[in-house]
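Okay, here's what each chain looks like letter by letter:
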Amino acid sequence: MEYLPKKTIIPIMVFSILLVSSSVNIANAESVPEWVKNTALWYGEGIISEQEFLNMVKFLIENEVITIESVNSESSKILQASVTIPNGNSDIASIGFYLPLNLEISKGTSVTWVNDDSVLHNIQSLDASGNVIDWFNSSPLNTGDKFEFTFEESGVYKYYCSFHPWRIGLVTVK
Ligand SMILES: [Cu+2]
């Protein structure tokens, strides 16, 4: 079975299958080590064996350069959503609302607030009367800081920023 095209076809096939399949993710080009690129090249040129080539593919999978999600990933998928605290959020004017102002999510969703503003903010959960309650409460968030909370019960939840109490946002859990 030693015919010439085989050695070039196999690496192309392997990578094509990996790239086309939606359950496979390639981390990014920078995380592919240089020796891997050489190994693929050398295999194509017949310098190294098929076993060495396959060992390289195995290395990529084991080191999570190529990740293959399990068949059950759909059911165990972590639900995630985010709210941006935009630039100008501290302003009392009608600008810089939370994005989105009313986040609609399903039960079990983990929500991440991200401070994209140039000033400090926090997230404080409020009861229906607008009083701060000890539920989802962040420490002060600097620019770029994040705060995460997972909502397990359905309902409409209010929050504000104690530094800028005119900023009220909602999370609706269905
Ligand atoms: Cu604030």
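Note that this is a predicted model, so its numbers are computed, not measured.

Colleague: Where do I start with helix 3 (residues 50-62) in this structure?
Modeller: Each full turn of the α-helix corresponds to 3.6 residues, which orients residues three or four apart in the same direction. Here helix 3 contains 13 residues, and its C-alpha end-to-end distance of 18 Å stays within 8% of the 18 Å for a straight helix at 1.5 Å per residue. Among all positions in helix 3, only F53, M56, V57 and L60 are buried. Across the axial projection of helix 3, the buried residues extend over an arc of 100°, all falling on one side. Phi turns positive one or two residues past the end of helix 3, at E64, with a value near 60°.

Colleague: So what exactly am I meant to see when it comes to the pairing of strand 3 (residues 80-85) here?
Modeller: The side chains of a regular strand alternate between the sheet's two faces. Burial along strand 3 is one-sided: A81, V83 and I85 are buried, while Q80, S82 and T84, pointing the other way, are not. As paired strands, strand 3 and strand 5 (residues 109-115) are joined by six bridges and run parallel to one another. Residue pairing for strand 5: S82 is matched across the bridge by T112.

Colleague: Even after reading the chapter, I still don't get the pattern of salt bridges, so can you show me in this structure?
Modeller: Once the charged atoms of two side chains with opposite charge are near each other, the side chains can pair. All told, the structure shown has three salt bridges when counted by the stated rule. The partner of K58 in a salt bridge is E62, and the shortest N-O contact between them spans 3.7 Å. With K58 and E62 both in helix 3 and four residues apart, this pair spans about one turn of that helix. Judged by its relative accessible area of 49%, K58 is partly exposed.

Colleague: When you look at the nonpolar core in this model, what are you seeing that I'm missing?
Modeller: One recurring pattern in soluble globular proteins: nonpolar side chains tend to sit buried together. Among the nonpolar cores identified, the biggest contains 19 residues, and I105, W113, I123, F136, F151 and Y159 are the most heavily contacted of them. Where this core is concerned, the elements lending two or more residues are strand 3, strand 4 (102-105), strand 5, strand 8 (146-151), strand 9 (155-161) and strand 10 (164-173). Those residues in contact with I123, other than ones at most four positions away along the chain, are I85, Y98, W113, F136, N137, S138, L141, F147, Y159 and Y160. In terms of nonpolar packing, the next biggest core, distinct from the first, is built from 10 residues, V32, Y43, M56 and V57 among them.

Colleague: It is not clear to me how the packing of helix 2 (residues 34-44) against helix 3 should be interpreted in this structure. Could you clarify?
Modeller: Between two packed helices, both the angle of their axes relative to each other and the distance between the axes serve to describe the pair. Where helix 2 contacts helix 3, the axes come no closer than 10 Å and their chain directions differ by 150°. Taken together, the axis directions place helix 2 and helix 3 in an arrangement best described as roughly antiparallel. For the pair helix 2 and helix 3, the sense of crossing is left-handed. Contacts from W35, V36, T39, A40 and Y43 of helix 2 reach helix 3 at E50, E52, F53, M56, F59 and L60.

Procedures and definitions
- Residues numbered from 1 in each chain as written.
- Predicted model: local features only at pLDDT ≥ 70, side-chain atom pairs only at ≥ 80, totals over all residues.
- Heavy atoms only, no water.
- Helix = DSSP H or I, 4+ residues; strand = E, 2+ residues; numbered from the N terminus.
- Expected span 1.5 Å × (residues − 1).
- Buried < 20%, exposed > 50% of the residue type's maximum accessible area, 1.4 Å probe, protein only.
- Arc of directions from axis to C-beta.
- Pairing = 2+ DSSP bridges.
- Salt bridge = Lys/Arg side-chain N within 4 Å of Asp/Glu carboxyl O.
- Core = buried A, V, L, I, M, F, W, Y, C linked by side-chain atoms within 4.5 Å.
- Contact = heavy atoms within 4.5 Å.
- Axes fitted to C-alpha atoms, helices over the stretch in contact; angles between N-to-C directions.
- Parallel < 35°, antiparallel > 145°, perpendicular 65-115°, else oblique.
- Left-handed = near helix turned anticlockwise from the far one by under 90°.

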